[in-house]
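Residues per chain are reported as follows:
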Amino acid sequence: GKPLPYGCTQAMKGINFSILAPDSLAAWFVIEVPSAQENVVTYPGVKGNFLRFELQSPINRTGNTWHIQIAAPFSLEGLRYGWHIDPEPADDGEPLFEQPVLDPCARCLSSGGVEIWNRRGEKFKYAPLSVVPDFRALECFDWQGVTSPGHSLQDLVIYEAHVRSFTKNKDSGVKQSHAGTFLGFIEKIPHLLNLGINCVELLPIFEFDESQVPWKHPQTGEHLCQYWGYQTCSYNTPMQRFAVGSTSKPWAAIVEFKTLVRELHRNGIEVVLDVVFNHTGEGAWGVSNWNCLAKVAVSHYYLMSNGYHTNYTGCGNTLHANDPNCTEWILDCLRYWALDMHVDGFRFDLASSLTRGSDGQCMPEPPFIKRLVNDPLLQHIKLIAEPWDCAWPDGYLVGQFPSGGEPRWAEWNGKFRDCVRGFIKGDPGMKGQFATRVCGSPDLYEPDGRGPCHSINFITAHDGFTLRDLVSYNKKHNHVNNEESGEDNNISWNCGEENDEGPSKKKGILQLRDQQMRNMLLALFLSAGTPMVTSGDEYGRSQGGNNNSWCQDQLNWFSWAECAKENDSLVRFFRLALGLRKQHSDLLARTTFMTHATIQWNHDDWDSDYNFVSYILHRGGDETEGSEKGDEAVSECGASKAASSNESVGDAKKTCALLVAFNAGHVAHDCHLPAGREWFRIVDSSLPSPQDICECDEDAQVITGESYVMSPYSCIVLRSFDNLADAQQYNIAEVSKSRLQQLQSQLRQVSSQPFEAQLAEDEDLQEIIPNLRGIPEPELMTKLAGEGYHHHPVIGA
């Protein structure tokens, strides 16, 4: 056999198996064989017959890697396999009959119960084994010439979504067998296009065991589940319960995920995966039905302290990303998803843990980060850090995440989230911070040479309140979790009194909540940086005040019926506000920070605790996108004050583009309108739909006078232009009904095609695995193994 590539791969004389197991002294390879073979063994609780091969060094070992090549007179496709690394010996010297260890680089596995989500029962337990795949799924997928859209980071609008949640609801309209799957997701691509989304960030789609949670729902008595997927089992294997064909073909998930990526790319949408390399699902909740890294080389793959697992993640068993062996394994995994699966980027969960060394301290120059950033095969990949873990304060690295080389890392900007929430709800004294966040957070990203686009701006995410719950609850309501985890400080407001939690029939409260959701969306879309939205926020999805729905199934589902009800209201506002951003992308989708040629403040009361902010964004002037930063960069309040006078605003009347103002308080407030121009109202979040936002400049109402009276808790956007030739459309993302129907029909056809239809047709494509049937070798592989494998290097070398 050969040490590379890792995992299970095709070779000229059979199948090659390889595993990176540093410091190990012995290794046995285990593979399933058809029935009626000799010298087989069985494992408790595992159906099937297996052969075990004791590997010999140096024949089967190169450095830290064990390897073996298997040829057989029968097909190995679909057969399960595994490893024993330094196994505890039985009396006869062979390994004890423990379930084989999962291949850390397996592309395919058999987990049992794949056809039923969260399957429970006395006769069922999640006990996966690696599987030899149909290599056509790996090597013969038909990409049909479709490649990545190749969007620049600053142009992305990221949509965070869960595969199961997106189409599992009965009102999704996808056929039942496709609900909650990769193929079901394909059918809803038109919705993303209609919103103006060009990147989806998928919550974990690597194989995980959703059935490991022991608790039950306190009201229904049904078992809760590991819903989000942050307890990874197999890092190179797409989640089988997200695939339609996994019940008959364990490798179907590979093809179905590739199909999803291809169709998203075909429609101009990139794919970022939420990946969990801070800890694993191994041993979670005391489950011992399967093992992987801990049984291969625990001290190299996990960050240990005095022989015990460390917990910098809140989930136990922190991975040791900066051990050279663990680094190599992670990079091998990332290369697979980037090169073979064609994904465009990765969002690293609790990424601060990836910077920790053997002593548990965050390092300024972590070896893993440096190797990742400089990997020649991953230069095209977008890298996004969740720049914190659960060890405070040293694990909070917002604006300080190590670069590892040239500035590439984007970050979830938690300070943007907290600041916008506090400012919009009216917390006093927030205007200086808010001004800094609107300008792309130069305090965080300018010092190390990054730009506004490296700030992933967001207000909500999968963990925490949804947008509607953020304006409907003062505190979390997580009782259905049967535990009370989740953040206590949500910077939320129910827009009423203490007892006005959740659903309300009070017209004033409902109106204010709708305004506040619009205000937050505008703050997100009209800030420099890369915006990220959470699936469902476009229509105001609620989780009943649950801000940690990690173990809930139906509570997380997207409701297409509720979304349809908001098509002419919040969904419309969302779509047009995003169109407004895109039409002014030269000002907002930036790689350089704003200067005084770009932004001027239209108020001068910086010292007031009342949250009123007004500013004008200028197109033109001395600055163009991509130019060097001006002498005076915009910073928190200070440099901004120099350009806050009315006279300086009037001087730039020929280049002004947008006037934006937020009145985040309980009283009406005048917004000064610079003289010498006509101002047209594009947005006023206090007005009912469709007056709240215009579809185009030609529909905008001219505003006269020296000021505009803003309602409490509202935002306005005004535009001034010289002639109608400069008028812009904001419904640029809207898909016509005829085109929508056509596209939906096409995508349904794609998602309904059989497995083989997604494979490339090539008459010249030759089988790499030779057909060994009829070879003049009288003994079967099983017989050779029984007689002593190491005496037959021709069969496995």
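Relevant structure appears above.
The following refers to the structure shown.

How each quantity is defined
- Residues numbered from 1 in each chain as written.
- Predicted model: local features only at pLDDT ≥ 70, side-chain atom pairs only at ≥ 80, totals over all residues.
- Heavy atoms only, no water.
- Helix = DSSP H or I, 4+ residues; strand = E, 2+ residues; numbered from the N terminus.
- Rg over C-alpha atoms; globule rule 2.2 N^0.38 Å.
- Contact = heavy atoms within 4.5 Å.
- Areas by Shrake-Rupley, 256 points an atom, 1.4 Å probe, with all protein chains shown as cover.
- Lys, Arg positive; Asp, Glu negative; His and termini not counted.
- Charge placed at Lys NZ, Arg CZ, Asp CG, Glu CD.
- 1 Å grid on protein atoms, 1.4 Å probe; cavity = no way out; pocket = protein on both sides within 12 Å on 5 of 7 lines; lining within 4 Å.
- Points joined across faces, edges and corners; volume = space filled by probe spheres on them.
- Nonpolar A, V, L, I, M, F, W, Y, C, P; charged D, E, K, R; others polar.
- Buried < 20%, exposed > 50% of the residue type's maximum accessible area, 1.4 Å probe, protein only.
- Pairing = 2+ DSSP bridges.
- Axes fitted to C-alpha atoms, helices over the stretch in contact; angles between N-to-C directions.
- Parallel < 35°, antiparallel > 145°, perpendicular 65-115°, else oblique.
- Left-handed = near helix turned anticlockwise from the far one by under 90°.
- Salt bridge = Lys/Arg side-chain N within 4 Å of Asp/Glu carboxyl O.

Things to note about the overall build of the protein
For step 1, the next point in the chain: Secondary structure summary: the protein contains 20 helices and 30 strands in total.
For step 2, the next point in the chain: In terms of C-alpha radius of gyration, the protein reaches 29 Å, essentially the compact-globule figure of 28 Å for 797 residues.
For step 3, the next point in the chain: Taking the principal axes of its C-alpha atoms as reference, the protein extends roughly 100 × 55 × 55 Å.
For step 4, the next point in the chain: Once local pairs closer than 6 in sequence are excluded, the contacts in the protein between residues at least 24 apart make up 77%.
For step 5, the next point in the chain: Entry remark: accessible area of the protein is about 30,500 Å², with carbon and sulfur atoms responsible for 48%.
For step 6, the next point in the chain: Between the centroid of the 66 positive side chains of the protein and the centroid of its 102 negative side chains there is a distance of 5 Å.

Details of the layout of surface pockets
For step 1, the next point in the chain: Empty space within the largest pocket amounts to approximately 1,200 Å³.
For step 2, the next point in the chain: Lining the largest pocket we find 39 residues, and of these Leu-350, Trp-388, Cys-390, Asp-463 and Asn-548 sit closest to its centre.
For step 3, the next point in the chain: Counting residues per element, the lining of the largest pocket draws most heavily on helix α9 (residues 414–425), at 3 residues.
For step 4, the next point in the chain: Within the lining of the largest pocket, the residues separate by chemical class into 15 nonpolar, 14 polar and 10 charged.

Thoughts on the pairing of strand β8 (residues 80–85)
For step 1, the next point in the chain: Burial analysis of β8 places 6 of its 6 residues in the buried class, the great majority of the element.
For step 2, the next point in the chain: Here β8 shows two buried faces, one formed by Arg-80, Gly-82 and His-84 and the other by Tyr-81, Trp-83 and Ile-85.
For step 3, the next point in the chain: With 5 bridges joining them, strand β3 (residues 27–33) and β8 adopt antiparallel strand pairing. Note on β8: the bridge partner recorded for Trp-28 is His-84.
For step 4, the next point in the chain: In this structure, β8 lies alongside strand β10 (residues 129–131), joined through 2 bridges in antiparallel fashion. Residue pairing in the sheet places Tyr-81 in a bridge with Ser-130 of β10.

Section: the packing of α9 against helix α13 (residues 507–525)
For step 1, the next point in the chain: Between α9 and α13, the shortest axis-to-axis distance is 10 Å and the interhelical angle comes to 140°. Taken as axis vectors, α9 and α13 run oblique relative to one another. The two elements α9 and α13 meet at a crossing, and its hand is right-handed. Between α9 and α13, the residues in contact are Phe-416, Val-420, Ile-424 and Lys-425 and Gln-516, Asn-519, Met-520, Ala-523 and Leu-524, respectively.

A closer look at empty space enclosed by the protein
For step 1, the next point in the chain: Scanning the model with the defined rule gives 9 cavities of 30 Å³ or more in all.
For step 2, the next point in the chain: Put simply, the largest cavity is a space of about 210 Å³.
For step 3, the next point in the chain: Computed from the structure, the second largest cavity encloses a volume of approximately 80 Å³.
For step 4, the next point in the chain: As for the second largest cavity, its lining consists of Ile-459, Thr-460, Leu-467, Met-517, Met-520, Leu-521, Leu-524, Met-532, Val-533, Thr-534, Asp-537 and Phe-574.
For step 5, the next point in the chain: Among the elements of the structure, α13 and β22 (530–534) are those that each provide at least two residues to the lining of the second largest cavity.
For step 6, the next point in the chain: By residue class, the composition of the lining of the second largest cavity is 9 nonpolar, 2 polar and 1 charged.

Comments concerning the pattern of salt bridges
A side chain of one charge can pair with a side chain of the opposite charge when the charged atoms of the two come close.
For step 1, the next point in the chain: This structure, assessed with the given rule, holds 32 salt bridges.
For step 2, the next point in the chain: With a closest N to O distance of 2.8 Å, Asp-427 and Lys-425 form a salt bridge.
For step 3, the next point in the chain: For Asp-427, a relative accessible area of 24% puts it in the partly exposed group.
For step 4, the next point in the chain: Three or more residues joined by partner-sharing salt bridges are found here, namely Asp-274, Arg-347, Asp-349 and Glu-386.

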